[in-house]
Amino acid sequence: MPAQIEARSASFRLTPDRYVPALFLAFLLVLPYLLPNPFYVHIVVMMAIYVMLGGAWNILSGYAGQLSLGHAAFFGTGAYVSTLLVNHYGISPWITLWFGGAAALALSLPIGFICFRLQGPYFTIATIGLAEALRLLVLHFREITNGAQGLTVPFKGNAPWLLQFDSKMPYYYIALALAAGVLLVTWRMERSRLGHYLVAIGQNQDAAEALGIDSTRAKARALMLSAFLMGLGGVFYAQYTYVIDPDGAFGLGLSIQVALVAIVGGVGTILGPAIGAVILEFFIQSTQILLAGQYAGLELMVYGGLLVAVILWRPRGVYSWFERMYTRILSWLPSFGRTRA
Amino acid sequence: MELSTFLQALITGILMAGIYALVATGLTLIFGVVRIVNFAHGEFVMLGMYVTFWLWKLWGLDPYVSLLITMPLLFCFGVLIQRFLFQPILRAPDLAQIFMTVGLSVILMNVALFLFTADFRSVKVPYGEWAWRLGGVTVLLPRLFAFLGALLLAGVLTLFLTKTDIGKALRAVAQDREVSMLLGINPNRMYLLAVGLGAALAGAAGGLIVPFFYVFPTVGVVFVLIAFVVVILGTLGSVQGALLASLIVGVAESLGILFAGSDLGLVVVFGILVASLIFRPSGLMGSR
Amino acid sequence: MSRNVLLEVEGLSKHFGGVQAVRDLSFQVQAGEILGVIGPNGSGKTTTFHLITGFHRPDRGHVRFNGEEITGLPPHAVCARGLCRTFQVAKPFPDISVRRNVLMGALLRRPDPTDAAGRADEVLRRVGLESRADMAAGSLTTIDQRRLEVARALATEPKLLLLDETMAGLNATEVVEAIKLISTLREQGLTVIVVEHVMRAVMSLSDRLVVLDQGARIAEGAPKEVVENPRVIEAYLGKEYRRA
């Protein structure tokens, strides 16, 4: 009889590390309804988008240390391919979403093939250059891409099958789902053989090769995944903002922002991009409010400054600090449920 | 297309190659000694251009004369950058290096944008339109002067590196930091010198092209990307390689502009990089 | 008793700039033996390793493993075929744990990380690192880093292991331990090539020795014979010590 009592009482125990994430998830689900006006919903949608983009970047650059500053190329490709398909053929964005991702993935093959022949900073500059070259090409072929004016998604009001909604709420939930998806993919990848191999390559590529790791192939696969997710982000962004242009979609500014999200939050971790996205979007909104968009270049100057500051003082990002805080807070919280006598 | 048009583009390309070689040399100098791939290098060019422009605009100083001011100014700037921004991250991983220099690049570009606006600036000098006409080909003299100026500076630099003690010390640090320390060379001083010199050369390149090139805040990006292609194509560390590569790149860009359009020059240059990485990954001077 | 040739090096040559690092080198390694490769500094021992394992491409010559031509294959392909090496200067994955370091090697033959983790733990025990399994590899002592090098290589389940100066800088006790470990490897069916300077170790371990000098093979045979070989003595000590 004592054994039975023990079995029953050991089965139900609600510890902070279980209910806090669950509460947070619930919070995320009701968040839009808690916010006073659509502007704030817009902010959290942007946060979710940045989680997605930063998370996508993190897969290759965070884990394997191959720092790409040309990821905008994948974002822009997804956005443009999808929008062109929607505009010219009337295909539903729910479908062109995957075309956009696939196009970005296809692009990652030649880009990886070229860039992986270079190491370290040279790899990074090559990615910058290739994204720049793509931007120039998109600007150039204006019969297809409408050049510097960019593309617009024709506004159809509330049309869910065209991924257009009256209110911001549905966008929020889709963005949340996409962001969660990216984090989930990161989690699966991290635990897989590829995930381990990427870390090894990032630590010491020669040693990794000597252990049988085909570093080029591993990097290529990570890049494909990263590019695909980035492309999805581009499609969603196009649908959300209705307007895309070469400078915004393929520009170095975007590539830097995306990298910054992961760096500030913590590269090579699952939740790093999520933390970084929240911080960065907060930062962006604050600077926009403070500077009121008055001075050209001031905003970007601040990003540059942020980049430099982070590198000088917190190159690993805030993740470890966050983790410590979180663990400490958890330890203060009570647990529920029956305990053994 | 007429032969003369083709020759025109060829000559323009060759003349521009001198400038690209100068910028690439500064980049290589910094990388060779300090081991930092300076993505902000294009901004040194841009700053050189703006200094030259404002000296002309405010005090009527001739661009070539103002080199005497531009170069020392950029030298000091380079020294400051090394001391306060590069020095702390010398031992840091690649990520720090890249993002520091990219961040610096963004800051400088946007400071220029903020201070000087995005307006395209240009200088009007009496010799700005001088040209030699040979057959159907027009050689714009300012371009020729820029080429000769670049050549001169490269020559002076070579003499400095090979004939003076400091120059040799610089090369020693580039070759082997530890051993040069044993020889009593202070590497930190050499780093300051290297970045200062690299910046001065880039600034000079900027000053030399102001008579025929528009000045605007983002002008530097193209230069650093092209310089980077030159360095890779020419094989990291090879001087002859860099010279040959800058010729190829200069001509390719020029011909690319001729055939594909003025907005695709950079695309052609990057096409060269792609081809080189595929067919000759270790560069022109490397063994396959 | 049939002896089969596991590794065959034939006519290997490599130059760097003006220096001929390896010249026309040929030797064979029999399955199950421990081959020692010795020679004065700069004789091309490590370069030979690089050439065999794909870190450098030979100018001329062939490398055959298990009858299969592996000349010029990239390092990961060489390792995948069962030929694994350690590095003279240890290259740990510094920021991750010792266990995870070894896991990286185990994943080659066992793609499932859980399965690989089991193999990793097993190897850690064999090599004596299990007590430090959770430490960051970068914080290990030199000798432990050497152990880690060996452990990682072992985790890939190689048929042939190339150990590059594993014993450099070890004290007497550590050398004895290392010799014991390498001997047990041979008992478990592994073939080993050992590049060493620590004479005592290489003499007691090796079944045969190959002696290099300035990139060429100058002697080959049982340790006792090779050591008496005048050319070998000359290479190490200079002409004055050549016995008449």
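If you're wondering where the values come from, they're calculated on a predicted model, not measured in any experiment. Each chain has its residues counted from 1, running along the sequence as written. Chain labels run from A onward and ligand labels from 1 onward, assigned in the order the entries are written. Given that the model is predicted, a residue must reach a pLDDT of at least 70 before its local features are reported, and side-chain atom pairs must reach 80 or more before they are shown or counted; all residues, however, enter totals for whole chains, interfaces and linings.

Helix and strand labels come from DSSP, where a helix needs a run of H or I of at least four residues and a strand needs a run of E of at least two; each type is numbered from the N terminus. The secondary structure content of chain A amounts to 16 helices and four strands. All radius of gyration figures rest on C-alpha atoms, and the globule criterion is 2.2 Å times the number of residues raised to 0.38. In summary, chain A has a C-alpha radius of gyration of 22 Å against a globular reference of 20 Å for 341 residues, a match within 12%. Taken over the C-alpha atoms alone, chain A extends approximately 80 × 55 × 40 Å along its principal axes. Think of it as a crowd count around each C-beta: if 20 or more other C-beta atoms lie within 10 Å the residue is buried, if 12 or fewer it is exposed, and in between it is partly exposed, with C-beta placed from the backbone throughout. When burial is assessed residue by residue, chain A has 50% of its 341 residues classed as buried. Contact between two residues is assigned whenever their backbone-derived C-beta positions fall within 7 Å. Here the contacts in chain A between residues at least 6 apart in sequence split such that 77% fall between residues at least 24 apart.

So, about the interface of chain C and chain A. Interface extent is often summarised as the accessible area lost during association of the parts. If you look at the interface, chain C gives 22 residues, while chain A gives 17 residues. Contributing elements (two or more residues each) for the side of chain C that touches chain A: α2 (75-80) and α3 (98-106) of chain C. Counting residues per element, the side of chain C that touches chain A draws most heavily on α2 of chain C, which supplies four residues.

Tracing the backbone through its elements, the reader meets Leu 107 of chain C in the loop between α3 and α4 (113-127). A sequence separation of 88 residues divides Leu 107 of chain C from Val 19 of chain C, and the C-alpha atoms of the two residues are 38 Å apart. Those residues in contact with Leu 107 of chain C that lie beyond four places of it in its chain are Arg 193 and His 196 of chain A together with Pro 113 and Ala 116 of chain C.

To continue, consider the sheet that holds strand β1 (residues 5-16) of chain C. Residue and element names in this part refer to chain C. Judged by pairing direction, the sheet is antiparallel, and its four strands sit side by side in the order β2-β1-β4-β5 without closing on themselves. Whereas interior strands pair on both sides, the edge strands pair on one side only; in this sheet they are β2 (19-30) and β5 (68-69). A strand pair is defined by DSSP finding two or more bridges across the two strands. In this structure, β1 lies alongside β2, joined through eight bridges in antiparallel fashion. When the bridges of β2 are listed, Lys 14 appears paired with Val 22.

Sheets are built from strands that pair by backbone hydrogen bonding, the pairs being arranged parallel or antiparallel. All names here are of chain C. The six strands are arranged β6-β7-β8-β3-β9-β10 in an open sheet whose pairing can be described as mixed. In this open sheet, the two strands that pair with only one neighbour each are β6 (83-85) and β10 (216-221). For this sheet the average axis-to-axis angle between neighbouring strands, irrespective of direction, equals 20°. Two strands pair when backbone bridges link them, and strand β3 (residues 34-38) and strand β9 (residues 208-213) are joined in this way by four bridges, in the parallel orientation. The residue of β9 that forms the bridge with Leu 35 is Arg 208. Every angle, taken between N-to-C directions, lies between 0 and 180 degrees, and every axis is a line fitted to C-alpha atoms, over only the stretch in contact when it is a helix. Where helix α6 (residues 172-187) meets the sheet, it contacts β3, β7 (160-164) and β8 (191-195), and its direction lies at approximately 150° from that of β8.

All names here are of chain C. Counting the residues between successive antiparallel strands, the hairpin from β1 to β2 contains two residues, one of them, Gly 17, with a positive phi of roughly 60°. With five bridges connecting them, β1 and strand β4 (residues 60-65) associate as antiparallel partners. Bridge assignment links Glu 8 to a residue of β4, and that residue is Arg 64.

What follows is about the domain arrangement of chain C. All names here are of chain C. For the domain bounds, the source is a domain assignment made automatically or taken from a database. In terms of domains, chain C is made up of domain 1 (1-82 + 159-244) and domain 2 (92-157). Counting from both sides, the interface comprises nine residues of domain 1 and, opposite them, eight residues of domain 2. Contributions of two or more residues to the side of domain 1 that touches domain 2 are made by α2, β7 and α6. Each residue is assigned to one of three groups, with Ala, Val, Leu, Ile, Met, Phe, Trp, Tyr, Cys and Pro labelled nonpolar, Asp, Glu, Lys and Arg labelled charged, and all others, Gly among them, labelled polar. Looking at the side of domain 1 that touches domain 2 residue by residue, the class counts come to six nonpolar, two polar and one charged.

Taken together, the two pairs of chains in contact show their highest number of contacts between chains A and B. With respect to C-alpha atoms, chain B approaches chain C no nearer than 10 Å, and the pair has no contact.

What follows deals with the nonpolar core. One finds Val 229 and Val 249 of chain B to be the most contacted residues of the largest nonpolar core, which totals 280 residues. Top contributing element to this core by residue count: helix α1 (residues 3-34) of chain B, with 16 residues. When residues of this core are sorted by domain, at least three fall in each of domain 1 (1-82 + 159-244) and domain 2 (92-157) of chain C. Not counting residues within four places of it along the chain, the set of residues in contact with Val 229 of chain B comprises Val 249, Val 269, Phe 270, Ile 272 and Leu 273 of chain B. Nonpolar core, as used here: buried Ala, Val, Leu, Ile, Met, Phe, Trp, Tyr and Cys residues forming one set through C-beta atoms within 7 Å.

What follows concerns the pairing of β3 of chain C. Residue and element names in this part refer to chain C. Among the five residues of β3, five are classified as buried, and the element is accordingly described as predominantly covered. Residue alternation in β3 divides its side chains into two sets, Ile 34, Gly 36 and Ile 38 and Leu 35 and Val 37, and both sets are buried. Pairing of β3 with β8 involves four bridges; the strand directions are parallel. Bridging across to β8, Leu 35 finds its partner in Ile 193.

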